[in-house]
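Single-letter residue listing:
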Amino acid sequence: MSSATLEAPAAAVPFAAAAESLAASSPAWLASRRRAAWQRWTTLPFPARTHEKWRFSGRRDFSLDAFSAEPVTANRDAALARARVLAAMIPDAAAVLLLADDAVLQVSGKVPEGIVFASLTQALKNPCELLEKHLFTEEPGLGADKFQGLHTSLARSGAVLQAKPGASCDRPVVIIHLASGPGRLLCPHTLVVAEKGSTVSLVEIFASLDETSENAVIASAALHAAEGSSITYTAVQDLNLKSRAFLLNTANAAAKASITSFNLNTGAAHLRHEHHTRLLGEGADIKTYSVSAPSGEQEHDQRTLQTHYAAGATSDLLFKNVLSGDARTFFSGLIKVEPDAQRTDAYQANRNLILSEEAECNSLPGLEILANDVKCTHGSTTGQLDEKELFYFLARGIPRAEARRLLAFGFFEDVLTRHPDQGFMENLRPVLHAKLGGI
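Caption draft 1: Up close: the pairing of strand β16 (residues 314–323). Among the 10 residues of β16, nine are classified as buried, and the element is accordingly described as predominantly covered. Pairing of strand β14 (residues 285–292) with β16 involves eight bridges; the strand directions are parallel. When the sheet's bridge partners are listed, Ser292 is paired in β16 with Asn321. The pairing of β16 with strand β18 (residues 344–354) spans 10 bridges and is parallel. When the sheet's bridge partners are listed, Leu323 is paired in β18 with Ile354.

Here is the structure:
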């Protein structure tokens, strides 16, 4: 591959012209990262059934050839109206960024002093040391390397959120990602950097303008918490059931830093969710929670890695899935404790509730421990609704269908109550209620 241009001509490979245009307009350090990523996209094979990191996953070789990655919104007025409705779920937001098809629709609100919030498009107009240090420097590495390569090549939207030393924002910053037209490929990238002693919260919502347009989203969020800082990150994925999504996230915590990551997944025909947490300093703490409710023929594929590099750090991971119809889920999680990470306290659990005979779930939690003074727990459970609990509802005149929905929602409750912003959770619960209404 040439160091000046991408190897593949635009006529031969989809997205080549867009990727080269982005690389050519970038500073040297970013152009180099984009071109290396493009080489991975064009040379790495599509995942195969024999690849361990795609074990049990269904459709792997879908084509993106017919998709467009140009940041053009076909129906701007309708997209803006829909994005505003989604943003209203977080009425106390400090600032809101509305995006449709990777184009900026609107930026509103004002963040406190010491907090910097800008669209990625705006941030790249004035590249800085923070961007060069963190932007596109890491990825989960849990199997979707090829798709991460395409993401880095084409990422032009998303946001940069920085909390300067000691700064605090007690209200969330919000990003709405909307797919508003058929055949759109969205590659938003979110970078969150909390510097020493700072506190910040971010909410991202992924949604579709309509229920029939097929879209693809390859999104990545990178969280960096410096010493003594705190990040709360929430992602809501509610794309239509014609679309496909990759959520490829990383979380890095330094000494005495804390990160809470919460994911709610109700949409997408196929979702690949990868999450790698890295505990880099003594006393670091990362909590990762997820609730998913696939139905029909949806497939939610979840891969996680908790890597402990430092002593005295803690990590907690709980993924819960409720499956109905012909839905499929797969969870593969690993806790890895490096030799110097003595006094590690790590927990990992995957809980599944199956509501139909046709639904299928696979779970593969694991441990790799290279230290000798640790406390690590991992496990998985899969079951159906308890008939005794159903009878309790039926005996009180509650119809069976409603009883099933209430019990399924209750299955999620111990995860929902762990979110630090219960006011937001009250607005988020109706999303789950609406999804479970069809079981």
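Caption draft 2: A look at the sheet that holds strand β20 (residues 374–383). One open sheet holds the 10 strands; their spatial order is β2-β1-β5-β8-β10-β12-β14-β16-β18-β20, and the pairing between them is mixed. Each edge of the open sheet is held by one strand with a lone partner, namely β2 (103–109) and β20. With direction set aside, neighbouring strand axes in the sheet form an average angle of 5°. One ladder, built from seven bridges, connects strand β5 (residues 173–179) with strand β8 (residues 199–208); its direction is parallel. Looking across to β8, one finds that Ala179 is bridged to Ser208. Helix α9 (residues 422–436) contacts β8, β10 (230–238), β12 (258–265), β14 and β16 of the sheet and is inclined by roughly 30° relative to β12.

Caption draft 3: Fine view of the side chain of His151. Position of His151 among the secondary structure elements: in helix α6 (residues 145–154). The residues contacting His151, other than those within four sequence positions of it, are Phe136, Cys187, Pro188, His189, Ile218, Ala219 and Ser220.

How each quantity is defined
Residues numbered from 1 in each chain as written. Predicted model: local features only at pLDDT ≥ 70, side-chain atom pairs only at ≥ 80, totals over all residues. Heavy atoms only, no water. Buried < 20%, exposed > 50% of the residue type's maximum accessible area, 1.4 Å probe, protein only. Helix = DSSP H or I, 4+ residues; strand = E, 2+ residues; numbered from the N terminus. Pairing = 2+ DSSP bridges. Axes fitted to C-alpha atoms, helices over the stretch in contact; angles between N-to-C directions. Contact = heavy atoms within 4.5 Å.

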